[in-house]
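Structural description and commentary
Each chain, written out:
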Amino acid sequence: MSNRAENGAPLLEVRDLVVHHGQLRALSGISLTVCPGEVYALIGANGAGKSTLLRTIAGLHHPTSGSVTYDGKDVTGLRPEKRASAGIVMVPEGRRLFPSLSLEENLKVGASYARKGPWDISRVYELFPWMKERRTQKTAQMSGGEQQSVAIGRALVANPRMLLLDELSLGLAPVIVQRIYAMLPQVLSSGITVLLVEQDVSQALRVATRLQCLLEGRTMLEGTPAEVTREQVEAAYFGVTDGSHA
Amino acid sequence: MQWVNAIIQGLLTGGLYALFACGLSLMFGVMKVVNLAHGDLATVAGYIGVGIIAISHMPVLWSIPVVVLLMAVLGYVMQRSILQAAITRGELTTLIVTFGLSIIIENGLQQFFKADSRGLGVGDSFITASFSIGSQITIAWFNLAVFVLAVVVLLGLQQFMSATRYGRLIRAVADDREAAQLSGADYRHVFGIAAAIAFGTVAIAGMCDGMITTISPTIGTDTILLFAFASVVIGGLGSLWGTLLGGVILGVAQAIGGQINPSWEQLAGYAVFLVVLVVRPEGLTSKGATA
């Protein structure tokens, strides 16, 4: 905890975020702080509010109350496209590629409003070498893992500072998930900070430098993977309270 | 030979129909807006042309780019204001809003220009000039020019959609608005550009129509909108070349119908339209590369 401050000011700060889907309260006062260089993982069961939190940070949901601060500026009222060009870029759940566009066109759309930075289409082809010779193909014919890689590439070419990854492992075989997460070190070394949502807890614990566990829109547990025990994570995940984290 | 002549005339008319239709198809493909005022926009363009020529005495052909530009700007502004507001409120609202727009335009035109029909005189020498193939087939140069213009416009549009940044963004937004936002694209701006193109193309069509025949305040819904719809449905939504095919089939059907019996002209066109709707409701061409 103490050495977080050495990384300088937080890149992303979420404070007391309350989000409703119609009548339903999806998030009840979530706070989180992501510092530069971190891999911050949000874990939790289905319906815990992880994706809602990520989508709110990306600007796709409007919070009822609370604030989102990015790079020292309040972005709570900013439209999603403005956040993207400011450097908060999300890989959405379910990939959401453009089916009538080719692989390369998908990447070009991602680069349309890019910030200046180390990532461009050719660097994405270096990260995922298979892409280059299939760049003219439509992405609908590709496998789930390949599509996920394209979605990551589309986000990277925008040169994010804050990369939001929503359920990368969804619907993919474990071996494919491993392969996709293998890109993470290269992403981090290019100076990108990562906030990810992951249902696969052991995967999240492997890559995260910090994590938060949500349950029914509330924070159950927060810390570094080293600080939390397996039992605490289980208790937070399923909502079995043992008193200390209630 | 009469039949060959009818088919050729119908084919040439089909080019104009495709010009009427491509903007309608584009706006539906990208914004999911069924623009019931689409035909009236062609009429508006024609009347703007009439006005500009009356005031500035510029040659009719020169007025075309001016009108197209004005209509494109109008398209962007209307999309960013009224149409965007309607889209935000739901797809059915866009039907009501564009229907209302159509009524307002037609009544406004009748108020200002009366119900008389007007032509955009290009000069008799040009509009009546023709050449003959054999004794039965006579092709008006101007009709041929409009057909060629239609093909050129569609080619240009195709090229724009597949090879430019904004063309790509239009297709991306048509596919997934939210994902495009996540890539930094303001979909409302992209919608505006698509509307500008749609208004611009229908303006070309309206001006051409005013030169070939005449325009009057109500032809927008009486004929243009219906022909445009029929062309899109016959050809298949989402494909520019489908729209051209649809326009040509409609034009040829009308010409053949008219050849059999002059009062069957319209009937034949709609008969083909109905047959396609029943047999192949998705249109003759399947979903193509463009929205």
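Since we're looking at a predicted model, the values are computed, not measured.

Criteria and thresholds
- Residues numbered from 1 in each chain as written.
- Chains lettered and ligands numbered in written order.
- Predicted model: local features only at pLDDT ≥ 70, side-chain atom pairs only at ≥ 80, totals over all residues.
- Contact = placed C-beta atoms within 7 Å.
- Helix = DSSP H or I, 4+ residues; strand = E, 2+ residues; numbered from the N terminus.
- Nonpolar A, V, L, I, M, F, W, Y, C, P; charged D, E, K, R; others polar.
- Pairing = 2+ DSSP bridges.
- Axes fitted to C-alpha atoms, helices over the stretch in contact; angles between N-to-C directions.
- Core = buried A, V, L, I, M, F, W, Y, C linked by C-beta atoms within 7 Å.
- Buried ≥ 20, exposed ≤ 12 C-beta atoms within 10 Å, placed from the backbone.
- pLDDT = per-residue confidence, 0-100.
- Expected span 1.5 Å × (residues − 1).

1. Structural notes on the interface of chain B and chain A
The interface of chain B with chain A comprises 17 residues on the first partner and 22 residues on the second. When contributions to the side of chain B that touches chain A are tallied by element, the ones reaching two or more residues are helix 7 (165-175) and helix 8 (177-182) of chain B. The element that contributes the greatest number of residues to the side of chain B that touches chain A is helix 7 of chain B, accounting for 6 residues. Here the residues of the side of chain B that touches chain A sort into 7 nonpolar, 3 polar and 7 charged.

2. Quick look at the sheet that holds strand 10 (residues 218-223) of chain A
All names here are of chain A. As summarised here, the arrangement of the 6 strands in space is 6-7-8-3-9-10, forming an open sheet in which the pairing is mixed. Each end of this open sheet is capped by a strand with a single partner; those strands are strand 6 (88-91) and strand 10. Sheet twist, expressed as the average angle between the axes of neighbouring strands with direction ignored, equals 20°. As judged from the 5 bridges shared by strand 7 (residues 162-166) and strand 8 (residues 193-197), these two strands associate in the parallel manner. When the bridges of strand 8 are listed, L163 appears paired with V194.

3. A word on the pairing of strand 2 (residues 137-140) of chain B
Residues and elements named next belong to chain B. Sheet analysis places strand 1 (residues 130-133) next to strand 2, joined by 4 bridges and oriented antiparallel. In the sheet register, S130 faces strand 2, and the bridge partner there is A140. Linking strand 1 back to strand 2 in an antiparallel pair, the connection comprises 3 residues, with G134 at a positive phi of about 70°.

4. Quick look at the nonpolar core
In terms of nonpolar packing, the biggest core is built from 164 residues, with L164(A), F20(B) and A194(B) touching the most fellow members. The element best represented in this core is helix 9 (residues 187-212) of chain B, accounting for 16 residues. Discounting chain neighbours no more than four positions away, the residues touching L164(A) are L54(A), I57(A), A58(A), I88(A), V89(A), M90(A), V91(A) and L195(A).

5. Section: the confidence of the model for chain B
All names here are of chain B. For chain B, per-residue confidence averages 92 on the pLDDT scale, and residues scoring 70 or more make up 97% of the total. The least confident element of chain B, judged by mean pLDDT, is helix 5 (residues 124-127) at 68; the most confident is helix 7 at 97. Confidence metrics for the complex model read pTM 0.92 and ipTM 0.92.

6. Some details on helix 6 (residues 141-163) of chain B
Residue and element names in this part refer to chain B. Between its first and last C-alpha, helix 6 extends 32 Å over 23 residues, near the 33 Å set by a 1.5 Å rise per residue. Within helix 6 the residues assigned to the buried category are N143, V146, F147, A150, V153, L154, L157 and M161. Tucked into the core, helix 6 has its buried residues touching helix 1 (2-31), strand 2, helix 7, helix 9 and helix 11 (240-260).

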